[in-house]
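Here's the letter readout for the chains.
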Amino acid sequence: MSEPRGTVVIKVPATSANLGPGFDVVGLSLSLYLTLIVKFGPPSPDLVNITYSGEGADEVPLDPYRNLMTRVALYVLRCNNHRSFPPELVSIHADNQIPFGRGLGSSGAAVIAGVLLGNTLGKLNLSRERMLDHALMVERHPDNVTAALVGGFVGSYLRELGPVASEAAQVPLSEVLPEYPPNAGEDWGLSPPVPPLGIGHFVRFGWNPSIKAVAIIPRFELSTAKAREVLPTEYSRKDLVFNIQRLAVLTTALGQSPPDPELIYEAMKDRVHQPYRTKLIPGLPAVTSSLTPESHPGLLGICLSGAGPTILALATHNFESIAEGARTIFQTENIQVDWKLLEVVGGSQTYEVHEN
Ligand SMILES: Nc1ncnc2c1ncn2[C@@H]1O[C@H](COP(=O)(O)OP(=O)(O)OP(=O)(O)O)[C@@H](O)[C@H]1O
Ligand SMILES: N[C@@H](CCO)C(=O)O
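Residues numbered from 1 in each chain as written. Chains lettered and ligands numbered in written order. Predicted model: local features only at pLDDT ≥ 70, side-chain atom pairs only at ≥ 80, totals over all residues.

Under an unreviewed UniProt entry, the name given to the protein is Homoserine kinase, and the organism recorded is Paxillus rubicundulus Ve08.2h10. One UniProt comment on the protein, placed under Sequence similarities (unreviewed entry), says "Belongs to the GHMP kinase family. Homoserine kinase subfamily." (UniProt positions renumbered as here; feature names shortened; annotations may be inferred.)

Okay, structure coming up:
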């Protein structure tokens with residue numbers, strides 16, 4: 001018989017996607033965490049008890065069939081021949097530092113936490129690549145989930161799939177993540193849409209550790225879904241070339257020592273998503289154009305974080321003055337902000353805690 005399990009901790013970082021020109025391509029993992037404390041005990045028919053503290057604690061569903069993390073865990077379990085949560089699972093406490101709907105990857109962190117949870121509960125030993133496949137069936141753009149899983153400054157692409165795998169990867173999310181367990185007597189079977197192999201591929205770029213991230217966080221939420229609705233479906237060649245040129249430079253420039261503010265500032269400009277999101281985030285163009293390395297020494301570049309509304313300023317010093325500069329501009333639009341100085345960190349971790 002295998003050893004009874006005690007407590008497992010799962011820790012997933014926040015992420016900032018896009019970094020300006022890398023829409024749906026690059027992500028950066030940052031030092032705010034979603035932490036799960038998962039407790040096991042003697043087998044019991046009772047459903048797992050979920051509790052939350054921190055960001056989102058007053059709005060997140062605690063029913064394991066409605067909560068995003070446990071629904072993802074259940075999806076991973078069902079894809080790997082486990083019908084449900086193991087009877088030894090007693091409780092999950094989530095402590096969350098990542099604000100919801102602000103562009104700091106809260107949903108990506110919840111999805112990765114769910115994948116790691118499913119992997120732990122089913123003792124599946126999935127490889128990191130296979131875990132990413134499962135995550136990409138839920139969050140279909142790879143930037144946040146890849147950075148949250150592997151950590152650092154990461155670029156990723158989705159592989160073009162053949163017709164069969166392509167169909168499997170396009171199933172509606174409601175089928176990947178059904179909200180409810182089957183009614184009594186019904187069986188939802190063991191045939192969820194299993195992810196095709198090797199959907200996502202990634203590479204980690206160099207990062208100069210003297211570069212920190214100032215996150216300027218407006219006090220309003222903007223859902224990623226809403227911020228994607230305003231984007232066009234077609235772009236001019238001029239705008240695409242503008243972004244590709246900058247992204248190519250940025251992926252190396254942020255690893256160089258010393259970092260070159262002139263190079264990075266221009267390389268963090270974007271024409272694919274930020275201009276269209278301005279109508280949802282008053283003050284965005286003024287903040288990204290008024291704060292420069294000349295006006296605020298130490299600033300390297302500034303952009304929208306993920307789908308917004310958070311602004312991400314990369315800098316080596318002078319953090320408070322950069323954040324206050326952004327605050328002043330947002331105030332003219334009647335938007336209040338909070339700001340945090342964040343470090344670029346490693347990826348997700350799962351570890352057992354042995355209690356005496
Ligand atoms: N820890 C969590 N547990 C359960 N649900 C969560 C958790 N974190 C986020 N969510 C869900 O994800 C939603 C936010 O996701 P959304 O994609 O809109 O924004 P985001 O991930 O914070 O920002 P971005 O994708 O731009 O970085 C929340 O409103 C909530 O429904
Ligand atoms: N690349 C995504 C990140 C948000 O999750 C977007 O900008 O919509």
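Caption draft 1: Fine view of the nonpolar core. In this structure, Ile112, Ala113, Ala135, Ala313 and Ala326 are the most contacted members of the largest nonpolar core, which totals 89 residues. When residues in this core are grouped by element, the largest group, 10 residues, is from strand S2 (residues 22-40). Residues lining this core come from more than one domain, with at least three contributed by each of domain 1 (7-202) and domain 2 (207-343). The contacts of Ala326, once residues within four sequence positions are left out, are Ile216, Val287, Leu291, Ile311 and Val337. (Core = buried A, V, L, I, M, F, W, Y, C linked by C-beta atoms within 7 Å. Buried ≥ 20, exposed ≤ 12 C-beta atoms within 10 Å, placed from the backbone. Helix = DSSP H or I, 4+ residues; strand = E, 2+ residues; numbered from the N terminus. Domains from an automatic or database assignment. Contact = placed C-beta atoms within 7 Å.)

Caption draft 2: Just the sheet that holds strand S8 (residues 299-304), in detail. Taken together, four strands build an open sheet; the order of strands is S8-S9-S7-S10 and the sheet is antiparallel. Single-partner strands in this sheet number two, and they are S8 and strand S10 (337-342). Each adjacent strand pair in this sheet contributes to an overall mean axis angle of 20°, direction not counted. Of the pairings in the sheet, the one linking strand S7 (residues 212-218) to strand S9 (residues 311-315) comprises five bridges and is antiparallel in character. Each residue of the ladder has a partner; that of Ile216, found in S9, is Ile311. Across the sheet, helix H12 (residues 319-331) touches S7, S8, S9 and S10, and the angle it forms with S7 is around 25°. (Pairing = 2+ DSSP bridges. Axes fitted to C-alpha atoms, helices over the stretch in contact; angles between N-to-C directions.)

Caption draft 3: Main features of the site of ligand 1. Taken together, 24 residues lie around ligand 1, and Ser106, Ser107, Thr224, Gly306 and Ala307 are the ones closest in. Among the elements that line the shell around ligand 1, the one with the most residues is helix H2 (residues 106-121), at four residues. Two domains each donate at least three residues to the shell around ligand 1, and these are domain 1 (7-202) and domain 2 (207-343). (Near = placed C-beta within 6 Å.)

Caption draft 4: Here's a closer look at the UniProt feature "domain: GHMP kinase N-terminal" (unreviewed entry) in the protein. In the UniProt entry, the feature "domain: GHMP kinase N-terminal" (unreviewed entry) is given for residues 67-152. For residues 67-152, the end-to-end C-alpha separation is 27 Å, with 56% helix and 9% strand making up the annotated structure.

Caption draft 5: Region of interest: the pairing of strand S5 (residues 153-158). Pairing of S2 with S5 involves three bridges; the strand directions are antiparallel. Looking at S5, one finds that Val26 is bridged to Gly155. Bridge count for S5 against strand S6 (residues 200-205) is six bridges, and the pairing is antiparallel. Across the sheet, the residue bridging to Phe153 is Phe205, located in S6.

Caption draft 6: How the structure looks around the site of ligand 2. In the vicinity of ligand 2, 13 residues are found, and the nearest of them are Ala17, Asp24, Thr224, Gly306 and Ala307. Considering each element in turn, the shell around ligand 2 owes the most residues, three residues, to helix H7 (residues 224-229). In terms of residue class, the shell around ligand 2 is made up of four nonpolar, six polar and three charged. The residues that make up the shell around ligand 2 include at least three from each of domain 1 (7-202) and domain 2 (207-343). (Nonpolar A, V, L, I, M, F, W, Y, C, P; charged D, E, K, R; others polar.)

Caption draft 7: Just the domain arrangement of the protein, in detail. Looking at the assigned domains, one finds that the protein contains domain 1 (7-202) and domain 2 (207-343). Each partner contributes residues to the interface: domain 1 has 25 residues there, and domain 2 has 31 residues. Mapped by element, the contributors of at least two residues to the side of domain 1 that touches domain 2 are strand S1 (7-18), S2 and S5. For the side of domain 1 that touches domain 2, the element with the highest residue contribution is S2, accounting for seven residues. Residues of the side of domain 1 that touches domain 2, tallied by class, amount to 12 nonpolar, 12 polar and one charged.

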